Amino acid sequence: MFVVFDKAPSFSAVLVICYLSLFCVAARRDTAVMEGETGLPLQQLIASFDNKCLPKILQVISGVYFQGSIYELSGSEVCFCTGDLIKVINMELQSVCCEYISNKEAFELPISHTGLYKVVPEEMPYSTIEEMVSLRPVGLDSCLPFTFTSRSKMTLDNFTLAAGRELTVLSVEKDQVRCHVRGEQDVSAEVCIPLSFRGEFYECESEECFTLGEIMSSACLRSRKFRTTKCERPLILSPIYQVHAIMNLRKNVFKFSSSSEVDVIDVTEQCKDVAFVTPFSLTEVLSQPDESFPVVVEVLEYPQADSVFTCSWLPELSKSKHLVFHKKGTSDWILFSSLKSRKVQQYFLVSQQYGGRFRRRPREFNSVYELYVASVQAPGLRLSVTRSCEEVEEEGLPALTVGEQLEVMHCDTMELPCGSSKEQKQSVEALICHRLQEPDEGDDDDDDDDDDKRVQQKDKIEVISLPLYMQAHFMEVLSDNKKYRLRDLDKEFSFPLDVKIVNRDNEMETDPLVGHTCLKIEGAISEPIIQASFPHRPDHCFKIPTQWLSMSVSFTNDPLPWPSDQPPDCHVDRVTEVTDTFFYEYHKRGNSDAAPPPRPPKRNLSSSDTSRKSFKPPKKPTKADKSKLRQDESITTTDFANLTINRKKRPPAPPPPVIFEDQPPPLAPRKHSIDVTTSKALPNMYVKREVSIKTAVADVDSDHDYETVDDSLLTMMQESQNNVKFY
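Computed from a prediction, not measured in an experiment: that's the story for all the values here.

Novice: Go over the overall build of the protein, please, and point to the residues and values.
Specialist: In terms of regular secondary structure, the protein is built from 14 helices and 37 strands. The burial tally for the protein puts 32% of its 727 residues in the buried class. Looking at the protein as shown, the accessible area adds up to about 48,800 Å², and 51% of this sits on carbon and sulfur atoms.

Novice: Describe the packing of aromatic side chains, listing the residues and the values that go with them.
Specialist: Throughout the structure, instances matching the rule amount to 15 aromatic pairs. Between Phe254 and Phe256, the aromatic rings sit 5.7 Å apart at their centres with planes inclined by 25 degrees, giving stacked as the arrangement. Take Phe256: its relative accessible area is 3%, and that puts it in the buried class. Between Trp548 and Phe582, the ring centres sit 4.2 Å apart and the planes meet at 45 degrees, which makes this aromatic pair tilted.

Novice: Could you give an account of the pairing of strand S5 (residues 85-100), with specific residues and numbers?
Specialist: Alignment of strand S2 (residues 56-62) against S5, held across four bridges, turns out to be antiparallel. Bridging from a neighbouring strand, Lys56 pairs with Val88 of S5. Inspection of the sheet shows S5 paired to strand S17 (residues 235-246) by 12 bridges, in the antiparallel sense. When the bridges of S17 are listed, Glu99 appears paired with Ile236. Alignment of S5 against strand S6 (residues 106-110), held across five bridges, turns out to be antiparallel. Among the inter-strand pairings, Val96 is bridged to a residue of S6, identified as Leu109. What sits between the antiparallel neighbours S5 and S6 is a turn of five residues, in which Lys104 has the positive phi angle 60 degrees.

Novice: Account for the environment of Arg198, with residues named and values stated.
Specialist: Assignment of secondary structure puts Arg198 in strand S15 (residues 198-203). For Arg198, a relative accessible area of 60% corresponds to the exposed category. If near-sequence neighbours (up to four positions away) are discounted, Arg198 is found in contact with Ser127 and Thr128.

Novice: Tell me about the sheet that holds strand S25 (residues 364-365), residues and numbers included.
Specialist: The strand order across the open sheet built from six strands is S25-S30-S26-S27-S28-S29, with neighbouring strands paired in antiparallel fashion. Every other strand in the sheet has two partners, leaving S25 and strand S29 (462-467) as the edge strands with one partner each. Relative to strand S28 (residues 427-436), strand S27 (residues 405-415) runs antiparallel, the two sharing 10 bridges. Across the sheet, Asp412 pairs through a bridge with Ala430, a residue of S28.

Novice: An account of the pairing of S17 is needed here, citing residue identities and associated values.
Specialist: On any regular strand, side chains alternate: one points to one face of the sheet, the next to the other face. Across the 12 residues that make up S17, a large majority, nine, are buried. If you look at the hairpin formed by strand S16 (residues 225-228) and S17, you'll find six residues sitting between the two strands.

Novice: So, the confidence of the model for the protein: which residues are in play, and what are the values?
Specialist: For the protein, per-residue confidence averages 76 on the pLDDT scale, and 69% of positions sit at 70 or higher. Counting contacts from residues 673-677, a segment whose pLDDT is below 50, to residues more than four positions away or on other chains yields zero contacts.

Novice: How would you sum up the pattern of salt bridges? Please name residues and give values.
Specialist: Counted under the stated rule, the structure contains 16 salt bridges. For Glu232, the salt bridge is made with Arg227, and the minimal N-O distance between the two is 3.3 Å. Arg227 gets classed as buried once you look at its relative accessible area, which sits at 10%. Across the salt bridge formed by Glu316 and Arg537, the nearest N and O atoms sit 3.6 Å from each other. Pair noted here: Glu316 is in the loop between strand S21 (295-301) and strand S22 (322-338) and Arg537 is in strand S34 (residues 537-545), with a separation of 221 residues, a long-range link. Each of Arg360, Arg363 and Glu476 takes part in one network of salt bridges that share partners.

Novice: Tell me about the sheet that holds strand S12 (residues 166-172), and please be specific about residues and values.
Specialist: Strand order in the open sheet made by the six strands is S8-S15-S9-S12-S13-S14, with antiparallel pairing throughout. Because the sheet does not close on itself, it has two edges, and the strands there are strand S8 (126-128) and strand S14 (188-194). Across the sheet, the axes of successive neighbouring strands diverge by a mean angle of 40 degrees, strand direction being ignored. Where strand S9 (residues 146-150) and S15 come together, three bridges link them in antiparallel fashion. Within S15, the position partnered with Ser150 by the bridge is Phe201.

Novice: Break down helix H7 (residues 368-377) for me, with residues and values.
Specialist: All buried positions along H7 are accounted for by Val368, Tyr369, Leu371, Ala374 and Ser375. Buried residues in H7 make contact with S25, strand S26 (382-385), S27, S28, S29 and strand S30 (474-476).

Novice: Go over the nonpolar core, please, and point to the residues and values.
Specialist: Counting residues in hydrophobic clusters, the biggest one holds 34 residues, and the most contacted among them are Phe309, Trp313, Leu323, Phe325, Leu349, Ile544 and Phe582. Only helix H6 (282-286), S21, S22, strand S23 (347-351), strand S33 (519-534), S34 and helix H10 (580-590) provide two or more residues apiece to this core. When residues of this core are assigned to their parent elements, the largest contribution, five residues, is made by S33. Once you skip the residues sitting within four places of it in the chain, Ile544 turns out to touch Leu282, Trp313, Phe325, Pro528, Ile529, Ile530, Ala532 and Leu549. One finds Leu381, Val385, Leu466 and Tyr469 within the second-largest nonpolar core, a separate group that totals 25 residues.

Criteria and thresholds
- Residues numbered from 1 in each chain as written.
- Predicted model: local features only at pLDDT ≥ 70, side-chain atom pairs only at ≥ 80, totals over all residues.
- Heavy atoms only, no water.
- Helix = DSSP H or I, 4+ residues; strand = E, 2+ residues; numbered from the N terminus.
- Buried < 20%, exposed > 50% of the residue type's maximum accessible area, 1.4 Å probe, protein only.
- Areas by Shrake-Rupley, 256 points an atom, 1.4 Å probe, with all protein chains shown as cover.
- Phe/Tyr/Trp six-rings, centres within 6.5 Å; stacked < 30°, edge-to-face > 60°.
- Pairing = 2+ DSSP bridges.
- Contact = heavy atoms within 4.5 Å.
- pLDDT = per-residue confidence, 0-100.
- Salt bridge = Lys/Arg side-chain N within 4 Å of Asp/Glu carboxyl O.
- Axes fitted to C-alpha atoms, helices over the stretch in contact; angles between N-to-C directions.
- Core = buried A, V, L, I, M, F, W, Y, C linked by side-chain atoms within 4.5 Å.

Below you can see the structure in the form of structure tokens.
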């Protein structure tokens, strides 16, 4: 086994080589390698081929070849093992290998090299004229004339030529050559020599010069030796091709250099019936003629799991799965998206053959720039303000009230107001709109009054300017309640457009669009497709967008799954669900050169200066300020009394009563409570209380009719009076 490395192999590389050696042994056992065949180097055998004789089937006799490093085995390498069959389908001339005969020194030259080369005469003699002529290049203007000599004398009819006489071939006819011979004393003559004339002929060195392109284009010249005009050392020139070939179970056509050190043999005749699987990508399938369809194909490489489609037929695609390709073509789709308020936003590709009906829904706009983009696509928009906005005179933002109706007119420039006459005016882009007045309620029977009111309302139309950078909220006002088909919406309106489905497509078993309260039409898309189906359901077809799916297939000879004279009536899926990746890629393609929304203008420096002057940050207090602050913290009683809410001075306190030292202070009158306050709480009826009731016993013998007072009560009253005196 023979291996070519670009880098030093590691332990993992050795393991790979051991695995490949076992694989090569198995391949050699399973492949019919002809006994007794001697292999030729790949470069020598490829050099003997011509593009007209292709394709050729080669079999590897010995050697394993890797294109690239052993550390980069990712499916893109070229690997040959003993017994492999290679089908050569094309060759491209890359360069020329030049090898000196004396020391075997070799180097490469590009095919565009401008140097000239002369043919070195062969040292071995030719036995016939025909053998010598057959080695001359065919198709080159400089192939004739050429000169040769004969070592022995030549006798032609009544004419005899001496040995060593130079003969120049002028033309080659059917069975003879016409030659020019120069004799003594500049005497010349023409003779005809049969091609079958035998002798010992030697070719003379000619002054003819050839380029590398001329040498490589002639099989006769490629077998000759050459020397440059500046060097006498003979060279052997060999072409180096980039070979295009296919192998069984390889995904794509691979390319390799003919200078690979691999020995091969030509087994084209023995392997005529060997079927090589030719892989095709979906793009290559589109390039096939229409007569190739319908056809049964086999999936070699299926799409990845993270595909942009979430349809039902995609999970069924797997390796070795068979499909029926009915036809190729172009399909027109409409991209839909659901509301963003849903938990999971969905996206759909809907064919224009969709049979459902839609009704327009008013669109919502969250900025004036969105409104401007929509007005460019559909002029004459009418809007209703859904959120009020306050007027900002410096930025040119007008006041808007909820419920006001506007009509978009055109886009123009407006000048922002300046704070002073020295400031430079700023011009910004704005959307010019008409603020429509609501019609006044009145008597509908009076036609003359209605006409007058309409004239007055036209006079009341107010023109306002909305800067494109203004953030506002609007809703489109629609007066259209008509039902539309999808193809009619594409013809009459521009996208994006908000719609609601009112009638489902009755030809579909399940319509995924039904159930969505609002759908947004993002835009139209036209893509090349392949109409396909599975063999067990040939009438249920689906469309495969070739530019959005990466898969490879191979054409098979399997029969179609229906009678030859009874093709099925195909029903094609009209709604295909896609992922958000498809949605974002679609917008990247369409809006790659779109300008970003405008920014609001910068604020004037004068206004910012005035705001800075009006507000001065507090300075850091010094020590004097701190001492003053401490003195201020001690507030007198007079100042505290003057601190009132209404800033009015309190009246002075009344003077104290005059007290004489001889007399005791006057007694304060007793406060007799007129109303006896009783407790609102009810007594506890569940607990028995002992109430002590004292009954005053009257003295019958006494003359007084009042009750007697207890001594303890009298003592308590005296103590209380004494306490009141010193209050």
